[in-house]
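Observations on the model geometry
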Amino acid sequence: MESVTTVEGITLGERENTRERAIERVSGMLFDLGVVEAGYGESMLAREGVISTYLGNGIALPHCTYEDRGLIKRTALVLAQYPDGVPWGDEEDVAYLVFGLAAVGDEHLAVMSHLAEVLDDEELCDRLAVTTDEAFVRETLAAPTE
């Protein structure tokens, strides 16, 4: 069983140039893993229309609306990296690391807490934004074993 903070799917070097296409990409990754039902991507887009999921440091964490949490089968986290960046709402907000999140119950708290620890380092975020080494990404984002 995966830890709730394990990144199950990673894709590097994506070239989409809109927030909507980036959200479609990560929601598709979650769907392909079998962790969400059809319609999850539309819910992610709807959430973005209410409040931006841009966290800063080049990171966005799109997820569904509260009302659509029934579309989630289990908790999972995926990552799509955009070395050229994707405009994310305000003109100064550019996402290079787009994490797609599907979380059951309060498991999103563990995911967000872990990501905040790892990704609070601006220099590390800059490296993750352009690396072509998937092993480096996996190792960097791995939760410490208890």
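Every value quoted in this text rests on a predicted model; they were computed, and no experiment measured them.

Predicted confidence across the protein gives a mean pLDDT of 90, with 94% of residues reaching 70 or more. Considering each helix and strand of the protein separately, the mean pLDDT is smallest for helix α3 (residues 107–119), with a value of 79, and largest for helix α1 (residues 19–32), with 97.

Take the environment of V130 next. Along the polypeptide, V130 turns up in helix α4 (residues 122–130). Look at V130 and you get exposed, because its relative accessible area is 53%. Residues V130 and Y82 lie 48 residues apart in sequence; the distance between their C-alpha atoms is 7.7 Å.

By size, the foremost hydrophobic cluster in this structure holds 23 residues, and its most contacted members are V26, L30, Y40, W88 and V98. Not counting residues within four places of it along the chain, the set of residues in contact with W88 comprises R19, A22, I23, E48, S52, T53, Y54, A60, P62, D93, A95 and V98. A103, V111, V118 and F136 belong to the second-largest nonpolar core, a separate cluster that totals 20 residues.

Further remarks concern the side chain of T65. Mapping T65 onto the fold places it in the loop between β3 (59–60) and β4 (76–87). Those residues in contact with T65 that lie beyond four places of it in its chain are S43, A46 and R47.

Scoring rules and cut-offs
Residues numbered from 1 in each chain as written. Predicted model: local features only at pLDDT ≥ 70, side-chain atom pairs only at ≥ 80, totals over all residues. Heavy atoms only, no water. pLDDT = per-residue confidence, 0-100. Helix = DSSP H or I, 4+ residues; strand = E, 2+ residues; numbered from the N terminus. Buried < 20%, exposed > 50% of the residue type's maximum accessible area, 1.4 Å probe, protein only. Core = buried A, V, L, I, M, F, W, Y, C linked by side-chain atoms within 4.5 Å. Contact = heavy atoms within 4.5 Å.

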